[in-house]
Amino acid sequence: MRCLFCGDFLNNAKQKYIGSAFLLLLSSIIVKAISAVYKIPLTAYIGATGRGYFNIAYNLYMPIHAVIMGGFPVALSHLVSKYNEKGDNAKIHSLKKSSSLLFFVTGVIGMAFMIAFAKPYAQIVCSSPKSIYTIFILAPNVLFSSMAACRRSLAEGHMNMVPTAVSQVLEAAFKLVFGLLFAKYSMSWLYGQYLESGAVFGVVCESEEIALSVIYPLTSAAAMGGVTVGSLLSWIYVWIYTGIKYNSYIIGKKYKTSESMREILGFSAPIIVSSVIQSVSTFTDNASVQYFLSVCDRDGLMKAYETCLQMSSTPNEDAVTYIYGLFSSAQDFKMLLPGFSIALGVAAVPAISAAFESQSRERLSALANSIFKYASVIGFGGGFYLSLVAENILNILYRSSNYDIVIGCSGLVFWYGFTMIFYCLASVSVFSVQAIGCAKKSIPSFVISAAVRVGLNCLLVADYRYNLYGAVISGAAGYLVILVSNLYIFKKYSDVKYKISDLLFKPLLCAAGAFIVAKLMLKSVFGENGYVLDFVILSGIYLLFFTIVSILSKLITFSELKFLQTSKKLA
């Protein structure tokens, strides 16, 4: 028979999770909004070719960043949550000391690795030697992100998501300010050199196209400097915040720092291995897209993007980098919704860890189903909405400055929207598996996923008839493998019972219904009104219909909305 205490315990855990997740979701929305504002003028300054350099640097950075952020922070958050549940402040104090040294050393190693591999990666893998400048400028981010992750995880272990949320917003805001300033003034200065002397840094440029080919790598690197400054200032904030809030513990028994470090390493080892494989698979996926574009039939590829290349005045030597830049611009939209689901996953780690340690499968099942349901709402609801307004939103963002991006990316973003469910649910399922200490069980799924993605890229991206659209198919197929595998692992080792109707059927039907209704009503009732007004009409109809049917189908309940009203107090 279910006791009242267990019911209160479950409701309290669920309420705390929703409050923490809501705070991270709110900060993620703000960060994504800032990033959208940032990328519009940035792309105007550096063009799609410059975005190609930008993304090449991130492709090398992200695997290193993912290993650091995916292993040690999860371990530290889990252990702090575990010992906080036991009231062992002495152990938490020891974990804080040992993790500070561990995260610093890891950050230095990661930064050195990125600098060492910058040249071979840029020249051999990407066939883009000029991207090396952006890579060098981005490298210190590894160190700053690692040290910030240490302090964030300490707070997350206490179910305090304030420093994580605020530091993310600060980082995005400073990136916006400094990135655009650096990009604007470097472009103005370098282009001024060309106009005055016909040369840039002593390199004679016979035409504007050649001059921009020299300038774009440098302005991209300057813009990346804003990213590094934002990361530094974000770390300073979270270091001050946690230093004040978590600086005094009542110390009873003393633990050796080396003992706590071994505990972090022991718990994080399988997560790190899993993160390494996952990161390598993501890296090979992105690198293979660029590689197979470069070996694609050049005439057929340039014919497929002929209009875009002509509108952007891109020289033939930069054509592949430019087309990869279009892919990068589409990726901005692809990563929007998974970013929100990752926020759910981060908040889920301490909540699921505590529920799993409590040995209450009822508590764990209820919490897990809530987490997966929210991820599914984001994946289906947000994904179908993205497909619905893809062309409209691209027109709003880029029509006046870079219309070539609208033409080149509309189809990609449209199809990416329908695949969002795989990315959103996969990320949450991976965090959930890690939270119950089964990270190593995920490793085979990442290996298989990598093989599937690279294999499909070889078949489809290398064929000029499919080109970038092949990456949409390969990404969806690869993440479906990760999703199915990790849902199975989580169920097997936690004994949870999934509510398939809430997990898949209800959100799918609500999203598909809203998509169809919005499309039909726009054509039959409102007609064509221009891309801005159409965007407003489509958004209004979709969001209204989706909200109504979600409430009527009990996909979203008023009790959960009531939890959200108290989230500020909980956070």
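Everything numeric here is computed off the predicted structure, so don't read it as measured data.

Student: It is not clear to me how the overall build of the chain should be interpreted in this structure. Could you clarify?
Tutor: The secondary structure content of the chain amounts to 21 helices and two strands. Across the chain, the fraction of contacts at a sequence separation of at least 24, relative to all contacts at a separation of at least 6, is 84%. About 23,700 Å² of surface is accessible on the chain, with carbon and sulfur atoms providing 67% of the total.

Student: Explain unusual backbone geometry here, please?
Tutor: In most cases, non-glycine residues show a negative phi, while peptide bonds are predominantly trans. Phi angles above zero are rare outside glycine, and Asn467 is one such case at about 40 degrees. With relative accessibility at 4%, the residue Asn467 sits in the buried group. Unusually for a residue other than glycine, Asp495 sits at a positive phi of about 65 degrees. If you trace the backbone, Asp495 turns up in the loop between α17 (469-494) and α18 (500-526).

Student: Quick question: what am I supposed to make of a nonpolar patch on the surface here?
Tutor: Residues Leu101, Phe104, Val105, Val108 and Ile109 make up a contiguous nonpolar surface patch of about 430 Å² in total accessible area. Within the secondary structure layout, Phe104 lies in helix α3 (residues 89-125).

Student: Mind showing me how you'd approach the packing of helix α13 (residues 361-398) against α18 here?
Tutor: Helix packing for two helices is described by the angle between their axes and how far apart those axes are. Orientation of α13 relative to α18, taken along the N-to-C sense of each, is 20 degrees, at an axis distance of 9 Å. When the axis of α13 is compared with that of α18, the two are roughly parallel. α18 is crossed by α13, and the crossing has right-handed handedness. Along the contact surface, α13 presents Phe372, Lys373, Ser376, Val377, Phe380, Gly381, Phe384, Ser387 and Leu388, while α18 presents Asp502, Leu503, Leu504, Pro507, Leu508, Ala511, Ala512, Phe515, Ala518 and Lys519. For the contact of α13 with α18, the per-class residue count stands at 13 nonpolar, three polar and three charged.

Student: Can you help me understand helix α16 (residues 443-461) in this one?
Tutor: An α-helical turn contains 3.6 residues, so a residue and the one three or four places further along point in the same direction. Look at α16: 26 Å from first C-alpha to last across 19 residues, which is about the 27 Å you get at 1.5 Å a residue. Where α16 is concerned, the buried positions are Ile443, Ser445, Phe446, Ser449, Ala450, Arg453, Asn457, Leu460 and Val461. Along α16, the residues classed as buried sweep out an arc of 150 degrees about the axis, all on the same side. Of the residues in α16, the exposed ones pointing more than 90 degrees away from the buried face are Ala451 and Leu459.

Student: Sorry if this is basic, but what is going on with the packing of aromatic side chains here?
Tutor: The geometry of an aromatic ring pair is captured by the separation of the ring centres together with the interplanar angle, meaning the angle of the planes. Counting across every chain of the model gives 21 aromatic pairs. Ring geometry for Phe380 versus Phe384: centroids 6.4 Å apart, planes at 50 degrees, classification tilted. Within this pair, Phe380 and its partner Phe384 are both found in helix α13, separated by four residues, close to a single helical turn. Side by side, Phe380 and Phe384 carry an identical accessibility label, which is buried. With 5.0 Å between their ring centres and 85 degrees between their planes, Phe414 and Trp415 make a pair best called edge-to-face. Joined through ring pairs, the aromatic side chains of Phe380, Phe384, Phe414, Trp415, Phe418 and Phe515 make up one cluster. Against the face of Tyr185 rests Lys184, its NZ or CZ located 5.8 Å from the ring centre.

Student: Just checking my understanding: could you explain the side chain of Asn369 for this structure?
Tutor: With respect to the helices and strands, the residue Asn369 is situated in helix α13. A distance of 2.9 Å separates a polar atom in the side chain of Asn369 from the backbone nitrogen of Lys499. Filtering out sequence-adjacent residues up to four positions away, Asn369 remains in contact with Lys497, Tyr498 and Lys499.

Student: Sorry, what's going on with the environment of Lys440 here?
Tutor: For Lys440, the position within the fold is in the loop between α15 (420-435) and α16. Along the backbone, Lys440 and Ile271 are 169 residues apart, and their C-alpha atoms lie at a distance of 6.5 Å.

Student: It is not clear to me how the nonpolar core should be interpreted in this structure. Could you clarify?
Tutor: Side chains of nonpolar character tend, in soluble globular proteins, to be buried together. Residues Phe54, Met114, Leu293, Phe372, Phe490 and Tyr542 are the most contacted members of the largest nonpolar core, which totals 125 residues. No other element matches α13, which puts 19 residues into this core. Here Phe372 is in contact with Leu425, Val428, Ser429, Ser432, Leu487, Phe490, Tyr498 and Leu503, once residues within four sequence places are set aside. Counting residues in each nonpolar core, the second largest holds 23 residues, with Tyr83, Leu102, Met261 and Phe431 among its members.

Student: I'm lost on the confidence of the model for the chain in this one. Help?
Tutor: Segments scoring low in pLDDT should not have their predicted coordinates read at a detailed level. Averaged over all residues, the pLDDT of the chain is 81; the fraction at 70 or higher stands at 89%. Counted against residues more than four places away or in other chains, residues 1-10, with its pLDDT under 50, gives eight contacts. Per-residue pLDDT stays below 50 along residues 562-571; that stretch engages in 15 contacts with residues further than four places along the chain or on separate chains.

Student: What's the story with the pattern of salt bridges in this structure? I'm lost.
Tutor: Pairing is possible between side chains that carry opposite charge, provided their charged atoms lie close to one another. The full count for this structure, using the stated rule, is five salt bridges. Note that Glu306 and Lys303 form a salt bridge whose closest N and O atoms lie 3.4 Å from each other. Here Glu306 falls in the partly exposed class, since its relative accessible area comes to 32%. A salt bridge links Asp463 to Arg465, with the nearest nitrogen and oxygen atoms 2.7 Å apart.

Student: How should the packing of α15 against α17 be read in this particular structure?
Tutor: Where α15 meets α17, the axes come as close as 8 Å, and the angle between the chain directions of the two elements is 35 degrees. In this structure, α15 meets α17 at a crossing whose hand is left-handed. Here α15 contributes Phe422, Tyr423, Leu425, Ala426, Ser429, Val430, Ser432 and Val433 to the contact with α17, which in turn contributes Gly475, Ala476, Tyr479, Leu480, Ile482, Leu483, Asn486, Leu487, Ile489 and Phe490.

Student: Help me understand the environment of Gln331 in this model?
Tutor: The buried category is assigned to Gln331, whose relative accessible area is 10%. Through-space distance from the C-alpha of Gln331 to that of Asn55 is 9.6 Å; in sequence the pair is 276 residues apart. Those residues in contact with Gln331, other than ones at most four positions away along the chain, are Asn286 and Tyr416.

Student: Can you walk me through helix α11 (residues 319-334) in this structure?
Tutor: Look at α11: 23 Å from first C-alpha to last across 16 residues, which is about the 22 Å you get at 1.5 Å a residue. With 16 of 16 residues buried, α11 is to be regarded as a mostly interior element.

Student: Mind showing me how you'd approach the environment of Arg361 here?
Tutor: For Arg361, the position within the fold is in helix α13. Residue Arg361 is classed as partly exposed on the basis of its relative accessible area, which comes to 24%. A sequence separation of 133 residues divides Arg361 from Ser494, and the C-alpha atoms of the two residues are 7.5 Å apart. Sequence-distant contacts of Arg361, defined by excluding residues within four places in its chain, comprise Phe356, Ser494 and Asp495.

Cut-off values and rules
- Residues numbered from 1 in each chain as written.
- Predicted model: local features only at pLDDT ≥ 70, side-chain atom pairs only at ≥ 80, totals over all residues.
- Heavy atoms only, no water.
- Helix = DSSP H or I, 4+ residues; strand = E, 2+ residues; numbered from the N terminus.
- Contact = heavy atoms within 4.5 Å.
- Areas by Shrake-Rupley, 256 points an atom, 1.4 Å probe, with all protein chains shown as cover.
- Buried < 20%, exposed > 50% of the residue type's maximum accessible area, 1.4 Å probe, protein only.
- Patch = residues over 30% accessible without salt bridge, like charges linked within 9 Å, V, L, I, M, F, W, Y side chains within 5 Å.
- Salt bridge = Lys/Arg side-chain N within 4 Å of Asp/Glu carboxyl O.
- Axes fitted to C-alpha atoms, helices over the stretch in contact; angles between N-to-C directions.
- Parallel < 35°, antiparallel > 145°, perpendicular 65-115°, else oblique.
- Left-handed = near helix turned anticlockwise from the far one by under 90°.
- Nonpolar A, V, L, I, M, F, W, Y, C, P; charged D, E, K, R; others polar.
- Expected span 1.5 Å × (residues − 1).
- Arc of directions from axis to C-beta.
- Phe/Tyr/Trp six-rings, centres within 6.5 Å; stacked < 30°, edge-to-face > 60°.
- Lys NZ or Arg CZ within 6 Å of the ring centre and 35° of its normal.
- Polar contact = N/O pair within 3.5 Å; in protein donor to acceptor, adjacent residues only side chain to side chain.
- Core = buried A, V, L, I, M, F, W, Y, C linked by side-chain atoms within 4.5 Å.
- pLDDT = per-residue confidence, 0-100.

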